[in-house]
Each structure stands twice: as structure tokens, then as C-alpha cells.
Amino acid sequence: QVQLVDSGGGLVQPGGSLRLSCAASGSSFRINVMGWHRQASGKQRELVATITTVGSTVYADSVKGRFTISRDNTKNTVYLQMNSLKPEDSAVYYCNVRGYRTNLRAFDSWGQGTQVTVSS
């Protein structure tokens, strides 16, 4: 299977910044889309941002202009730079990678999550 390790969360004051990273590992796969979702306590998981291998991006309206997603295809790694953080950004952030095995079977993998807490 494709395994994901996400990291970079922590405690930060409002207005601060964090950078999340997620590395995918395994064999016999090709990645099409990498991204981040988040789930706040008591709420449904929601899309934060995604990026394709050719650089197309999608952002949630709530984070656009503050967050930037990027990727390094040679390292199978995706990053999320989070600036001007707000308390409502507090959540567990999950890395998500979608792609295909070399036999053309699709896969959808998730990291175990990294906690982001924005509080004064």
C-alpha cells in the first residue's frame, strides 16, 4: 500500500504560521492529486487544499490567500504553508494522496493526521 506520514502541526498563536508536510512512500504507484483535509472537533472533515502533479490547485474559500499548497514530485511530498492562522483553523489536518498503481488500479490514501491548535 501507499503509506503517508504527515507532520508539522503544533500550537501557535493567532496570526502565526505553520508548515505541514506529508511524504508518500511505497512502490508501484503514480500520484495524481495530493492535498490536505481537516477535521475540527465535532465537525465533518473538509477540504483545505489540493494540488495536482502539473500544479493545478484548489483552495477552500476559508483559507484562500492565507494558505499555500505546494509539492515536490521527486520526493512524493506535499506541503501546506499556513499563514495568518485563526482559531477557527484549529483541527486535525490529514494528508490525502490519490493516484494509480502501475497496474492502473486507483488508490486513495490518508495520513494519520497532525494536530493544529491556534490559541492565545
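The structure displayed is predicted, hence computed values, not measured ones.

**Here we look at the sheet that holds strand 8 (residues 77–82)**
Reasoning step 1: Ordered in space as 1-3-8-7, the four strands form an open sheet in which the pairing is antiparallel. What marks the edges here is a single partner per strand, and that holds for strand 1 (3–7) and strand 7 (67–72). Pairwise comparison of adjacent strand axes, ignoring direction, gives a mean angle of 15° for this sheet.
Reasoning step 2: In this structure, strand 7 lies alongside strand 8, joined through six bridges in antiparallel fashion. What sits directly across from Thr68, in strand 8, is Gln81.

**A short note on the pattern of salt bridges**
Any two side chains of opposite charge can pair, so long as their charged atoms come close to each other.
Reasoning step 1: Here the structure, examined in full by the defined rule, presents three salt bridges.
Reasoning step 2: Arg66 is the salt-bridge partner of Asp89, the closest N and O atoms lying 2.8 Å from each other. One end of the pair, Asp89, is in the loop between strand 8 and strand 9 (91–101); the other, Arg66, is in the loop between strand 6 (57–59) and strand 7, with 23 residues separating them in the sequence.
Reasoning step 3: Taking relative accessible area as the criterion, Asp89 reaches 1% and is therefore assigned buried.
Reasoning step 4: The class for Arg66 is buried, based on a relative accessible area of 12%.
Reasoning step 5: What you see here is one network of salt bridges that share partners, running through Arg38, Glu46, Arg66 and Asp89.

**Quick word on the state of the cysteines**
Reasoning step 1: Scanning all chains against the criterion turns up one disulfide.
Reasoning step 2: There is a disulfide in this structure between Cys22 and Cys95, and the S-S distance comes to 2.0 Å. Its torsion about the S-S bond being -85°, the disulfide of Cys22 and Cys95 is classed as left-handed. Within this pair, whereas Cys22 is found in strand 3 (residues 18–25), its partner Cys95 is found in strand 9, the two being separated by 73 residues in sequence. Of the two residues examined, Cys22 and Cys95, each falls in the buried class.

Analysis parameters
- Residues numbered from 1 in each chain as written.
- Predicted model: local features only at pLDDT ≥ 70, side-chain atom pairs only at ≥ 80, totals over all residues.
- Heavy atoms only, no water.
- Pairing = 2+ DSSP bridges.
- Helix = DSSP H or I, 4+ residues; strand = E, 2+ residues; numbered from the N terminus.
- Axes fitted to C-alpha atoms, helices over the stretch in contact; angles between N-to-C directions.
- Salt bridge = Lys/Arg side-chain N within 4 Å of Asp/Glu carboxyl O.
- Buried < 20%, exposed > 50% of the residue type's maximum accessible area, 1.4 Å probe, protein only.
- Disulfide = S-S within 2.5 Å.

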